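Structural features, examined
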Amino acid sequence: MSYIRYKNNNLFVENVSVRRLVSKFSSPFYLYSEGNIIENYKSFSNNFKKSNPLICFSVKANSNIQILKILKKMGSGADVVSGGELLKAIKSGIKPNKIVFSGVGKTEDEIKLAIRKKILLINVESENEAILINKIAGKLKKKTAIGIRLNPDINAPTHKKISTGKAEDKFGLSKTNLISFCLNVKKLKNLKLNAISVHIGSQILSENPFKKTLKVLEEIIKRTAINFKFVDLGGGFGISYKKKDKKINLKNYSILVEKFRKKYNCNIIFEPGRAIVGDTAILVTKVQYLKKGSNKTFAILNAGMNDFMRTALYDAVHNIIPVIKNSKKNKGPLEFVGPICETTCKFVKYKKYQSLNQTDYVAIADVGAYGASLSSNYNTKPLIAEIIINKAKARIIRKKQDIKSLINQ
Ligand SMILES: *Cc1c(COP(=O)(O)O)cnc(C)c1O
């Protein structure tokens with residue numbers, strides 16, 4: 001079912017017309033479908049049902065606490081990458097024994113917090129990090145469960161700025177280093193090596209890199225002869241931003257995962273972010289000005305790279321769709337740009353677009369993941385509102401930031 005769609009040329013999120021909302025709330029704002037989030041979670045979980053994995057939602061994809069609460073209710077755990085995300089996940093009601101903590105640069109304070117909260121796993125990304133955790137765990141007199149993150153040196157075809165599993169990327173330990181770490185980990189008396197973890201990148205649309213990763217994991221398990229309690233297979237499952245993006249076949253992969261789980265008698269963890277929330281939101285924004293360029297028209301929006309950064313950061317292409325469709329065509333190419341004083345504050349260019357006027361509303365599509373969570377106050381702009389729809393009800397889940405809170409420092 002599609003939760004964000006047109007009815008009689010009017011854009012709807014669930015049962016609410018976006019046009020009606022823009023008369024109530026000042027734009028720009030993020031607009032989510034709660035039904036869509038729930039359905040994505042269920043569909044991911046059903047796909048891997050046989051393996052009964054722990055699903056740890058990747059909080060950095062969307063850290064709104066109301067969204068975390070929705071996922072918590074569905075049974076989700078959390079994958080966090082900072083002390084702030086850890087506290088937020090706990091505040092949302094997610095139990096520490098469903099939380100894993102990843103990241104290459106955890107600080108002493110963050111490690112202390114994770115140990116005190118007794119989370120499921122601290123996923124360690126270097127030998128020196130393990131040594132520090134061991135020391136802190138000793139001081140706190142708490143034996144601490146860790147996972148060790150593998151960098152399998154696999155080239156997952158995705159944007160180079162979101163690859164994490166190649167030898168040149170900063171994440172995890174190489175196969176050789178990881179094996180020698182495992183063989184020496186007993187010396188770190190305050191640690192329990194409970195897991196091996198891996199996360200090879202994001203927006204991956206083919207199951208092949210995941211299959212290759214399973215092979216590397218098998219090799220390591222055989223060579224170390226360690227019976228890992230948990231195998232954390234990370235996230236990275238892609239969604240279709242463009243029509244031509246082929247969908248990843250999770251069914252095939254789930255069969256391999258189940259075989260793997262049985263063979264090595266372990267518990268599986270997944271850390272999906274984008275696949276759960278990516279297609280569940282739009283960013284509603286107004287055409288502030290139309291401006292003729294020498295060979296195209298600029299539609300200058302009231303939302304910019306501070307509100308939605310994926311295009312500036314990773315050249316991500318997001319469709320921009322009209323809030324009210326018409327059948328008239330604009331002459332010549334049209335480029336959607338934002339107001340921020342940076343050349344990269346632009347979104348997408350169309351050869352042809354429907355006829356557009358100043359003060360019309362449009363929506364940037366598929367912004368539920370790495371949208372609001374990546375937004376900033378650049379150019380001293382307040383963070384925008386986030387609104388969620390459940391059937392016919394609209395609920396504000398983050399108020400637009402008060403400009404007063406920005407201007408005193
Ligand atoms: C970002 C991240 C994820 C989530 O990635 P998605 O592509 O959003 O599924 C999972 N695990 C780790 C360690 C991450 O850094």
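Residues numbered from 1 in each chain as written. Predicted model: local features only at pLDDT ≥ 70, side-chain atom pairs only at ≥ 80, totals over all residues. Heavy atoms only, no water.

**Comments concerning the overall build of the protein chain**
When you go through the protein chain residue by residue, the secondary structure sums to 11 helices and 20 strands. Considering only C-alpha atoms, the protein chain reaches an extent of 70 × 50 × 40 Å along its principal axes. Looking at the protein chain as a whole, 56% of its 409 residues are labelled buried. Counted over contacts in the protein chain with a minimum sequence separation of 6, partners at least 24 positions apart contribute 70%. Only carbon and sulfur atoms are counted for the fraction: they give 50% of the accessible area of the protein chain, which is about 19300 Å². Charged side chains of the protein chain number 74 positive and 30 negative; the gap between the two group centres comes to 5 Å. (Helix = DSSP H or I, 4+ residues; strand = E, 2+ residues; numbered from the N terminus. Buried < 20%, exposed > 50% of the residue type's maximum accessible area, 1.4 Å probe, protein only. Contact = heavy atoms within 4.5 Å. Areas by Shrake-Rupley, 256 points an atom, 1.4 Å probe, with all protein chains shown as cover. Lys, Arg positive; Asp, Glu negative; His and termini not counted. Charge placed at Lys NZ, Arg CZ, Asp CG, Glu CD.)

**Topic: the site of the ligand**
Around the ligand lies a shell of 14 residues, among which Lys60, Ser202, Gly236, Glu271 and Tyr370 are the nearest. One nitrogen or oxygen atom from the side chain of Asp79 is found 3.1 Å from a nitrogen atom belonging to the ligand. Gly236 places a main-chain nitrogen or oxygen 2.8 Å from an oxygen atom of the ligand. Protein burial of the ligand: of its 390 Å² of free accessible surface, 94% is covered by the chains. Of the residues belonging to the shell around the ligand, the class tally is 2 nonpolar, 7 polar and 5 charged. (Near = heavy atom within 4 Å. Polar contact = N/O pair within 3.5 Å; in protein donor to acceptor, adjacent residues only side chain to side chain. Nonpolar A, V, L, I, M, F, W, Y, C, P; charged D, E, K, R; others polar.)

**Details of the side chain of Asn36**
Position of Asn36 among the secondary structure elements: in helix 2 (residues 34–47). Those residues in contact with Asn36, other than ones at most four positions away along the chain, are Tyr3, Ile4, Glu14, Asp279 and Thr280.

**Observations regarding the pattern of salt bridges**
Scanning all chains against the criterion turns up 11 salt bridges. With its nearest N and O atoms 2.9 Å apart, the salt bridge here joins Glu219 to Arg223. Of this pair, Glu219 and Arg223 both sit in helix 8 (residues 208–224), separated by 4 residues, roughly a single helical turn. By relative accessible area, Glu219 is classed as partly exposed at 29%. Salt bridges linked by common partners bring Lys175, Glu219 and Arg223 together as one network. (Salt bridge = Lys/Arg side-chain N within 4 Å of Asp/Glu carboxyl O.)

**Things to note about the sheet that holds strand 5 (residues 54–58)**
Spatially, 5-6-7-8-9-10-11-12 is the arrangement adopted by the 8 strands of the closed barrel, whose pairing is parallel. Looking at each pair of strands side by side, their axes are set apart by 30 degrees on average, direction ignored. (Pairing = 2+ DSSP bridges. Axes fitted to C-alpha atoms, helices over the stretch in contact; angles between N-to-C directions.)

**A short note on the domain arrangement of the protein chain**
Per the domain assignment, the segments of the protein chain are domain 1 (4–32 + 278–407) and domain 2 (34–276). When each unit is reduced to the centre of its C-alpha atoms, the spacing between domain 1 and domain 2 is 32 Å. Facing the 26 residues of domain 1 at the interface are 24 residues of domain 2. When domain 1 packs against domain 2, the two sides together hide about 2100 Å² of surface, and 47% of this comes from carbon and sulfur. We note a salt bridge from Arg395 to Glu34, for which the minimum N-O separation is 3.8 Å. Counting every contact that joins domain 1 to domain 2 gives 15 residue pairs in polar contact (both at pLDDT 80 or more). At the level of elements, helix 11 (310–314), strand 19 (385–390) and strand 20 (393–398) are the ones that each hand at least two residues to the side of domain 1 that touches domain 2. (Domains from an automatic or database assignment. Buried area = accessible area lost by both parts, 1.4 Å probe.)

**Topic: helix 4 (residues 83–91)**
Among the residues of helix 4, Gly83, Glu85, Leu86 and Ala89 are the ones counted as buried. The buried side chains of helix 4 occupy one side of the element, clustering within an arc of 160 degrees when seen end-on. In this structure, the buried side of helix 4 is in contact with helix 3 (65–74), strand 6 (77–80), strand 7 (99–101) and helix 5 (108–117). At the N-terminal boundary of helix 4, the capping side chain belongs to Ser82, with an oxygen 3.4 Å from the backbone nitrogen of Gly84. In the stretch just after helix 4, Gly93 is the one whose phi turns positive, near 105 degrees. (Arc of directions from axis to C-beta.)

**Here we look at the packing of aromatic side chains**
A complete count under the given rule lists 17 aromatic pairs for this structure. Plain terms: the ring middles of Phe210 and Phe237 are 5.0 Å apart, the flat faces sit at 25 degrees to each other, and that makes the pair stacked. Of the two residues, Phe210 sits in helix 8 while Phe237 sits in the loop between strand 11 (230–232) and helix 9 (250–264), which places them 27 residues apart along the sequence. Summarising the burial analysis for this pair, Phe210 and Phe237 share the class buried. (Phe/Tyr/Trp six-rings, centres within 6.5 Å; stacked < 30°, edge-to-face > 60°.)

**Things to note about the nonpolar core**
Soluble globular proteins tend to pack their nonpolar side chains together in the buried interior. Ranked by size, the top nonpolar core spans 97 residues in total, and within it Leu233, Tyr253, Ile320 and Phe336 carry the most contacts. If you look at the next biggest cluster of nonpolar residues, it comprises 17 residues, including Phe25, Val284, Ala363 and Ile389. (Core = buried A, V, L, I, M, F, W, Y, C linked by side-chain atoms within 4.5 Å.)

**Re a positive patch on the surface**
A cluster of like positive charges, contributed by Lys49, Lys50, Lys251 and Lys262, occupies part of the molecular surface. Examined against the element boundaries, Lys262 turns out to sit in helix 9. (Patch = residues over 30% accessible without salt bridge, like charges linked within 9 Å, V, L, I, M, F, W, Y side chains within 5 Å.)

**Regarding the packing of helix 7 (residues 175–184) against helix 8**
Running from N to C, helix 7 and helix 8 cross one another at 35 degrees; their axes reach a closest spacing of 10 Å. In this structure, the crossing between helix 7 and helix 8 has a hand that is right-handed. Contacts from Lys175, Leu178, Ile179, Cys182 and Leu183 in helix 7 reach Val216, Glu219, Ile220, Arg223 and Thr224 in helix 8. Its residues assigned to classes, the contact of helix 7 with helix 8 shows 6 nonpolar, 1 polar and 3 charged. (Left-handed = near helix turned anticlockwise from the far one by under 90°.)

**Regarding the sheet that holds strand 2 (residues 10–13)**
Spatial strand order, 1-2-3: 3 strands in an open sheet with antiparallel pairing. If you trace the sheet from one side to the other, it starts and ends with strand 1 (4–7) and strand 3 (16–17), each paired once. The pairing of strand 1 with strand 2 spans 4 bridges and is classified as antiparallel. In the strand pairing of strand 2, Lys7 is matched with Asn10.

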